[in-house]
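# Geometric and topological summary
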Amino acid sequence: YNFTDCDFEKIRKKYQEVIYQALNKYMNGVKTTEFNNYIYCEDPPDCLAKIDLITFYPTHGCTTLAKEIFAIRTNATLTLQCPGYSGTQINNTQAKKKRKKRQVTTNKCREQVSHLMELWRRFSRISKQ
Amino acid sequence: HPEPVLQVRIINFNFETVQVTWSPRRYSGTNLTFVYNSDEASRPCCNYIVHESHTAGCLLEARKDEILCFSLGNGTDILFQKCEWISAYLKPSSPEDLSFRWHEDAVTVTCSDLPYKRLVYEIQYKSIFDTEWQSKEGETCNVTMQGLDSEKCYFFRARVKTLESSYGSDTYPSDWSKVTHQQRGELRGEACYTAVHGPAACLLGRVEW
Amino acid sequence: GESGYAQNGDFDDAELDDYPFSCYSQLEVDESQHLLTCTFDDPDVNSTNLEFEICGALLDVKCLTFNKMQEMYFIRTKKFLLIGDSEICVKLKGKKITCRKMNVVKIVKPEAPFDIRVIYREGANDFLVTFNTSHLQKKYVKELLHEVAYRQEKHENDWMHVNLSSTKLALLQRKLQPDAMYEIKVRSIPNHDYFEGFWSEWSPSFHFRTPEITGRMDP
């Protein structure tokens, strides 16, 4: 999906007002600067593409991010503000079970969310208004 | 987390200069070398900060909102390696040339905005009767404060902070601007202090529940 | 945005219009729990078999049913997504009879400010008004506009109003009557472009007397 036609300003507001708080809650006091942050994004569409990738596509060592509250909010935001974005069909009840079962947030997942936070920050710094 | 071998501190001065300083816990007395990535190439530091005749930091020219990858070694081993957005350690420059526009019981303070976004411009003010500064913030350097008394002299100062959701929690607020004294638009210099006499205060009345 | 529409064919339009309702949300009322409250606009509606339900923009569930307490319907939950519209419907025996599209972040009613105090500062010839708000500690609705209202007690409807975003205000002595009893109170409204909504209730009032011309003050 090409994120060029998204409404970046509305996405930025939703990130700043409700997604950021959920990301912060997930990290539970662990700072992103405690990890190596090497994932760069050039412009808003590039940032959203990488945010979409890390949030919704499982990686080795961290397969559960898509069920987290910040991910459900990200999905709702991209579905609302990006024309044609189909979004990830999250099975609600399964999402809750996954969140309950995942008692300990793996460090690998925290590292992934650290990358996410840095990409969202970059996105908010460079989106127009 | 095990105790890091090196304590490293990064400050990004207004996206103009990045200062990386280190204080070796175990390798004191060793000249550490700083190597960083720039345009896909590894480069040694060309502007070391020296302390007690040993390298203690490196000053780099910042070019844009980018990721800095660097390492510190003692010639044989790499002791520390990190990649970070330099924005995570931003210290904006402090506001200059504040201008004041008084209208009735309000004043609008303006200054030139910095060239990058998601900042918080904080203006603090107090009269000689106030024990604490009062703050008013804005997303641009155009902040209006109401309810001021035209018969009082006020102190004003300003600084710039970063929005945590856009820069993280490891940034630094700018230094405060110098303090300005104003009364309804006239610069009062030291005259602000002549009117001082101890403010008497007493809590009044009762609350109706 | 808010738009109302009826959905059930068993009622003719006139009856459906008999059930207009209004709702407001209060976010993080305790810790991370939110509160959504709805009431019928007409207090005389016979609400015995009527239920409220919200669907959409919820975490983990599709819909939630309201609890009822006298004539008020409410939900206390952490499941608001806080993004996008929900649909709030009135149901009679399981059938939707009227619905409205609402966005929980656009119908926010802040908690009332509290602890309003007035300190007379003789040297400064003013009255320092301070008050508190629970919203300073919240994660979501942090930015409010406050309205301070004050009047001389003997002038029933002669309220003066001041809008401010901070929780401290100085009233100038020269703008008040000497040796007079005053009443002062404050309320709040969301002051943001993401969270919007309505005025809170007024804080409890505070009463104070201004000093006589000589400047002596007696509480």
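This write-up is about the structure you can find in this document. Since the model is a prediction, treat every value here as computed from it, not as a measurement. (Residues numbered from 1 in each chain as written. Chains lettered and ligands numbered in written order. Predicted model: local features only at pLDDT ≥ 70, side-chain atom pairs only at ≥ 80, totals over all residues. Heavy atoms only, no water.)

Bringing the overall build of chain B into the picture now. Scanning chain B from terminus to terminus reveals two helices and 19 strands. Expressed as a percentage of its 209 residues, the buried residues of chain B come to 46%. Partitioning the contacts of chain B with sequence separation of at least 6, the portion at a separation of at least 24 is 58%. Just so you have it, chain B exposes about 11200 Å², and 48% of that area is on carbon and sulfur atoms. (Helix = DSSP H or I, 4+ residues; strand = E, 2+ residues; numbered from the N terminus. Buried < 20%, exposed > 50% of the residue type's maximum accessible area, 1.4 Å probe, protein only. Contact = heavy atoms within 4.5 Å. Areas by Shrake-Rupley, 256 points an atom, 1.4 Å probe, with all protein chains shown as cover.)

On to the overall build of chain A. Check the secondary structure of chain A and you find five helices and zero strands. Each helix and strand of chain A, placed in order from N terminus to C terminus, yields the pattern α-α-α-α-α. Across chain A, the fraction of contacts at a sequence separation of at least 24, relative to all contacts at a separation of at least 6, is 83%. For chain A, the exposed surface amounts to about 5900 Å²; the carbon and sulfur share of it is 52%.

Opposite the 23 residues of chain B that make contact, chain A presents 24 residues. Of the roughly 2000 Å² buried at the junction of chain B and chain A (both faces included), carbon and sulfur atoms supply 42%. Sorting the residues of chain B by area buried against chain A places Trp-85, Arg-118 and Ser-165 of chain B first, and these three jointly supply 32% of that buried surface. Across the contact surface, chain B and chain A share three salt bridges. Across the pair Arg-122 of chain A and Asp-65 of chain B runs a salt bridge, and its minimum N-O distance is 3.1 Å. For the pair chain B and chain A, the interface holds 17 residue pairs in polar contact (both at pLDDT 80 or more). Among the elements of the structure, strand 8 (78-85) and helix 1 (164-167) of chain B are those that each provide at least two residues to the side of chain B that touches chain A. Considering every element that reaches the side of chain B that touches chain A, the biggest residue donor is strand 8 of chain B, with five residues. (Buried area = accessible area lost by both parts, 1.4 Å probe. Salt bridge = Lys/Arg side-chain N within 4 Å of Asp/Glu carboxyl O. Polar contact = N/O pair within 3.5 Å; in protein donor to acceptor, adjacent residues only side chain to side chain.)

A word on the environment of Arg-118 of chain B. With respect to the helices, strands and loops of the structure, Arg-118 of chain B is situated in the loop between strand 11 (106-110) and strand 12 (119-127). In sequence terms Arg-118 of chain B and Ser-71 of chain B are 47 residues apart; their C-alpha atoms lie 30 Å from each other. At 2.6 Å, the side chain of Arg-118 of chain B forms a polar contact with the backbone oxygen of Ser-124 of chain A. At a separation of 2.8 Å, a polar atom in the side chain of Arg-118 of chain B contacts the main-chain carbonyl oxygen of Ser-127 of chain A.

Attention now goes to the interface of chain C and chain A. With 17 residues of chain C at the contact, the number on the chain A side is 18 residues. The contact between chain C and chain A buries some 1500 Å² in all, and 59% of this surface belongs to carbon and sulfur atoms. Area buried by chain C at its contact with chain A is led by Asp-60, Ile-83 and Tyr-194 of chain C, which between them contribute 40% of it. On inspection of chain C and its partner chain A, the count reaches one salt bridge. Where Asp-193 of chain C meets Lys-13 of chain A, a salt bridge forms, and the shortest distance between an N and an O atom there is 3.4 Å. Linking chain C with chain A are five residue pairs in polar contact (both at pLDDT 80 or more), by the criterion used here. Among the residues forming the side of chain C that touches chain A, the class breakdown is nine nonpolar, three polar and five charged. (Nonpolar A, V, L, I, M, F, W, Y, C, P; charged D, E, K, R; others polar.)

A few words now on the packing of helix 2 (residues 44-56) of chain A against helix 3 (residues 69-81) of chain A. Residues and elements named next belong to chain A. At a minimum axis separation of 11 Å, helix 2 and helix 3 run at an interaxial angle of 135°. Accordingly, the angle class assigned to the pair helix 2 and helix 3 is oblique. Handedness of the helix 2/helix 3 crossing: left-handed. For the pair helix 2 and helix 3, the contacting residues are Leu-48, Ile-51, Asp-52, Thr-55 and Phe-56 in the first and Phe-70, Ala-71, Thr-74, Asn-75 and Leu-78 in the second. (Axes fitted to C-alpha atoms, helices over the stretch in contact; angles between N-to-C directions. Parallel < 35°, antiparallel > 145°, perpendicular 65-115°, else oblique. Left-handed = near helix turned anticlockwise from the far one by under 90°.)

All right, on to empty space enclosed by the protein then. All names here are of chain C. As enumerated under the stated definition, the model contains one cavity of 30 Å³ or more in all. Space inside the largest cavity adds up to approximately 40 Å³. Lining the largest cavity we find Ala-57, Phe-80, Leu-81, Leu-82, Ile-83, Gly-84, Ser-86, Asn-103 and Val-104. Looking at the lining of the largest cavity, its residues break down into six nonpolar, three polar and no charged. (1 Å grid on protein atoms, 1.4 Å probe; cavity = no way out; pocket = protein on both sides within 12 Å on 5 of 7 lines; lining within 4 Å. Points joined across faces, edges and corners; volume = space filled by probe spheres on them.)

Residue and element names in this part refer to chain A. Inspection of the secondary structure assignment puts Gln-81 in helix 3. For Gln-81, a relative accessible area of 13% puts it in the buried group. Gln-81 has contacts with Asp-5, Cys-6, Asp-7, Lys-10, Ile-11 and Lys-14, leaving out every residue within four places of it along the chain.

Residues and elements named next belong to chain A. Here helix 1 (residues 8-27) contains 20 residues, and its C-alpha end-to-end distance of 25 Å is more than 12% below the 28 Å for a straight helix at 1.5 Å per residue. When the local axis directions of helix 1 are compared, the greatest deviation, roughly 50°, occurs at Tyr-15. In terms of residue burial, helix 1 counts as a mostly covered element, since 16 of its 20 residues are buried. Count one or two residues on from helix 1 and you reach Asn-28, which has phi positive near 50°. (Expected span 1.5 Å × (residues − 1). Bend = angle between axes of the 7 residues up to and from the residue.)

Residues and elements named next belong to chain B. One open sheet accounts for three strands, arranged 10-11-14; its pairing is antiparallel. A single partner strand is all that each edge strand has here, and the edge strands are strand 10 (99-103) and strand 14 (142-145). Averaged over all pairs of adjacent strands, the angle between strand axes in this sheet comes to 20°, irrespective of strand direction. Examined bridge by bridge, strand 11 and strand 14 share four bridges and lie antiparallel to one another. Counterpart to Thr-110 in the pairing with strand 14 is Asn-142. (Pairing = 2+ DSSP bridges.)

All told, the structure shown has 35 salt bridges over all chains when counted by the stated rule. The partner of Lys-108 of chain A in a salt bridge is Glu-111 of chain A, and the shortest N-O contact between them spans 3.8 Å. Placement of both Lys-108 of chain A and Glu-111 of chain A in helix 5 (residues 107-126) is noted, with a separation of three residues, approximately one turn of the helix. The exposure class of Lys-108 of chain A is partly exposed, given its relative accessible area of 35%. Where Arg-117 of chain C meets Asp-115 of chain C, a salt bridge forms, and the shortest distance between an N and an O atom there is 3.4 Å.

Everything listed is a geometric property; what it means functionally is a separate question.
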